[in-house]
Amino acid sequence: MKHFINLKDIPAKDLRKILFDAKKRKAQRKRLSTLEPDKGSPLNGKLLIQMFEKSSLRTRMSFYLAIKQLGGGTITLKSNELHLGIGGETLEDTAKILSTYGDGFMLRTDSDKKIENFKKYLSIPLINGLSPSSHPTQILSDIFTVEEIKKKPISKLNVTWIGDSNNVLNSLIAASVKFNFKLRIGCPKKYFPKKNILDWVKKCNKKIHIFNNAEKAVLGADVIFSDKVISLNDKVNKKKKLSDFKGFKITQKLINKSKKNSIFLHCLPRGSEVEEKVFSSNRSKVWQQAQNRVHVQKSILLYCFGKLR
Ligand code: CP
Ligand code: NVA
C-alpha cells in the first residue's frame, strides 16, 4: 500500500512514473467528455473518501473528477459533521471505520499530527490534500504543467518562488531535490523557510538560493511561482504580514527582470500578492495549471491503489 503524504518521502522514480502516466492519460482523453471513464476504467468499483477540514474548490473538484474518470466514485466528508469532530469519537476508531468502507482516503487538514495519526490507523492509502507543512498533489501537478508548457525536463529550468515560506513552498523545495532543478526564493528575511527544511535540503546535498529581495530572486527565471501571503487559517497579524511583503508583489516590472519567455504560476486562490495585469497576461498559466490537477491526481490515485502501469 502506498501513501502520498510528502514529496520528500516518495522515490524520485515513482514521481517521474506518475508524471509519465498523467501525460499519456491526458493525451488519450481528448475526445472524452467530463465524466466518461478512461479506457478500461482502472479504478472501477473503488471508493475514494475525501475529508476537508478547510475550504477547497480545486482539490475537491479535481479529485472528484479524477476518481470518476478512472471509473470509481467518491464521497466528501466534513470533519465537523462526523463524531470525530463533534462527538469525541477517536481518530483511531474513525480511521478503522473509514478503512472498512472505502479504498482510499484524501485528507485536507490543519494538523500535520492528524495526517501522521491517520496514517498509523488506516489500512487504506492516505493522500495529503494540503496540510500546514505541505501540499504535495499541487506541486507534483505544477511540475507537470511546467514541463508541458516548456517542453523540457524541469531540471533544465530555473524556478523562482516569490512569497511566504508556506506549505506550497515546502513541497516545491522537496520537488527541487527530487527533480533536481534550480530554485531561487524571494521572501522577507523574517519569513525564510524553517531550519528543519533547510537542514534536509543540505542533507540531500542540494543548494537553494534565498534572497531578501524579489528582483534578485527572479533573475534568470523561466518559471515564477507565487501564493497568497496569508494562507488558510494563518494565525498571524494579517495587516503586519501583508505590510512585511510589500516589496514582494508580482508586478509587470518584476516579471520583466526574469527571462523573456518566463511563465507565471499560482496555485490559487489568490490575494493581493499579484498584480491583475500579470495574472491575466499571456505569461500567466494559472487556468491550465488548475486543470492539470485532474490529470496528475488520476495517476497519483493509480499509484496509491497499486495500479500504475
Ligand atoms: N490550489 C488549491 O489547492 O486550491 P483549493 O484550496 O481550492 O483546493
Ligand atoms: N498556502 C495556501 C495554499 C492554498 C491552496 C494555504 O495553505 O492556504
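Going by the structure above, here's the rest.
Along each chain, numbering runs from 1 in the same order as the chain's sequence is written. For this description, chains carry letters from A and ligands carry numbers from 1, given in the order in which they are written. Totals for whole chains, interfaces and linings use all residues, but because this is a predicted model, local features are given only for residues with pLDDT of at least 70 and pairs of side-chain atoms are given and counted only at 80 or more. Note that the side-chain values use all heavy atoms of the structure and ignore hydrogens as well as water.

Asks: Help me understand the overall build of the protein in this model?
Replies: Counting its regular elements, the protein contains 13 helices and nine strands. Here the C-alpha atoms of the protein give a radius of gyration of 19 Å, agreeing with the 19 Å that 2.2 N^0.38 yields for 309 residues. Principal axes of the C-alpha set define a box for the protein whose edges measure 55 × 45 × 40 Å. In this description, contact between two residues means that some pair of their heavy atoms is separated by no more than 4.5 Å. Taking contacts inside the protein between residues at least 6 apart in sequence as the whole, the part at least 24 apart equals 74%. In this description, accessible areas are obtained by the Shrake-Rupley approach with a 1.4 Å probe, and a residue is regarded as covered only by the protein chains that are shown. By element, 52% of the accessible surface of the protein is carried by carbon and sulfur atoms, the whole surface being about 14,600 Å². Treating the 61 positive side-chain charges of the protein as one cloud and the 27 negative ones as another, the clouds have centres 7 Å apart. Comment: elements are numbered from the N terminus, with helices defined as DSSP H or I runs of at least four residues and strands as E runs of at least two. Radius of gyration here uses only the C-alpha atoms, and the compact-globule reference equals 2.2 Å multiplied by the residue count raised to the power 0.38. A positive count includes Lys and Arg, and a negative count includes Asp and Glu. His and the chain ends are not counted in either. Here the site of a charge means NZ on Lys, CZ on Arg, CG on Asp, or CD on Glu.

Asks: I tried to follow the sheet that holds strand β7 (residues 209–211) on my own but got confused; where do I start?
Replies: Across a sheet, strands are paired by hydrogen bonds formed along the backbone, either parallel or antiparallel in direction. We treat two strands as partners when DSSP finds at least two bridges between them. Pairing is parallel in the open sheet, where five strands are placed in the order β7-β6-β5-β8-β9. Of all the strands in the sheet, the pair left with one neighbour each is β7 and β9 (263–266). Between one strand and the next, the sheet's axes are offset by a mean angle of 20°, whatever the strand orientation. Direction of pairing for strand β6 (residues 182–186) relative to β7: parallel, over a ladder of three bridges. Orientation is described by lines fitted to C-alpha atoms, with helices fitted over the stretch in contact, and by angles between N-to-C directions that extend from 0 to 180 degrees.

Asks: I keep staring at the packing of aromatic side chains and nothing clicks. Help me out?
Replies: Any aromatic ring pair is given by two values, namely how distant the centres are and how the planes are angled relative to each other. Centre distance within 6.5 Å is the pairing criterion for rings of Phe, Tyr and Trp, where only the six-membered ring of Trp is used; planes under 30 degrees apart are then read as stacked, over 60 as edge-to-face, and the remainder as tilted. Tallied over the entire structure, the rule returns four aromatic pairs. Relative to Phe248, the ring of Phe245 lies with its centre 6.2 Å away and its plane at 70°, an arrangement referred to as edge-to-face. Take Phe245 and Phe248: they sit in the same class, and that class is buried. Measuring from ring centre to ring centre gives 5.6 Å for Phe279 and Trp287, while their planes differ by 90°; the resulting arrangement is edge-to-face. Per-residue accessibility, obtained with a 1.4 Å probe over protein chains only, is compared with the maximum for each type, and a residue is labelled buried under 20%, exposed over 50%, and partly exposed between these values. We classify Trp287 as exposed; its relative accessible area is 59%. These aromatic residues form a ring-pair network of at least three members: Tyr191, Phe245 and Phe248. The cationic tip of Arg60 hangs over the ring face of Phe52; the distance from NZ or CZ to the ring centre is 4.6 Å. Between the NZ or CZ atom of Arg270 and the centre of the ring of Phe279, over which it lies, the distance is 3.5 Å. Throughout this description, the term charge over a ring refers to an Arg CZ or Lys NZ atom that lies within 6 Å of the ring centre and within 35 degrees of the ring normal.

Asks: Explain unusual backbone geometry to me, please; I cannot follow it from the model alone.
Replies: The phi torsion of most residues other than glycine is negative, and most of the peptide bonds are trans. Across the junction of Leu268 and Pro269, the peptide omega takes the value 0°, indicating a cis bond. A positive phi angle, close to 60°, is found at Asn205, a residue other than glycine. Locating Asn205 in the fold gives a position in the loop between α8 (195–203) and β7. Taking relative accessible area as the criterion, Asn205 reaches 73% and is therefore assigned exposed. One non-glycine residue, Leu268, lies in the positive phi region at around 65°. Its location among the elements puts Leu268 in the loop between β9 and α12 (276–279). A relative accessible area of 11% places Leu268 in the buried class.

Asks: How do you make sense of helix α6 (residues 136–150) when you look at a structure like this?
Replies: Note on helix geometry: an α-helix contains 3.6 residues per turn, so any two residues three or four positions apart are oriented the same way. Take the residue count of a helix, subtract one, and multiply by 1.5 Å to get its expected span. Taking 1.5 Å per residue as the helical rise, α6 with its 15 residues ought to reach 21 Å, and the 21 Å between its terminal C-alpha atoms agrees with that figure. Counting buried positions along α6 gives 13 out of 15 residues, so the element sits mostly inside the fold. Looking one or two residues beyond α6, the residue adopting positive phi is Lys151, at roughly 55°.

Asks: Where do I start with the pairing of strand β5 (residues 158–162) in this structure?
Replies: In regular strands, side chains alternate between the two faces of the sheet. Among the five residues of β5, four are classified as buried, and the element is accordingly described as predominantly covered. In this structure, β5 lies alongside strand β8 (residues 223–226), joined through four bridges in parallel fashion. Counted as the bridge partner of Ile162 is Ser226 from β8.

Asks: What is the right way to read the side chain of Thr109 from this model?
Replies: Residue position: Thr109 is located in the loop between β3 (104–108) and α5 (112–121). Its relative accessible area of 0% is what places Thr109 among the buried residues. Among the polar contacts listed, one links the side chain of Thr109 to the side chain of Glu53, at a separation of 2.6 Å. Polar contacts here mean pairs of N or O atoms no more than 3.5 Å apart (in protein, one a potential hydrogen donor and the other a potential acceptor; neighbouring residues in sequence count only if both atoms are side-chain atoms). Within the structure, the side chain of Thr109 is placed 3.0 Å from the backbone nitrogen of Ser111, a separation counted as a polar contact. Leaving out residues up to four positions away in the same chain, Thr109 has contacts with Glu53, Lys54, Lys114, Ile115, Leu130, Ser131 and Pro132.

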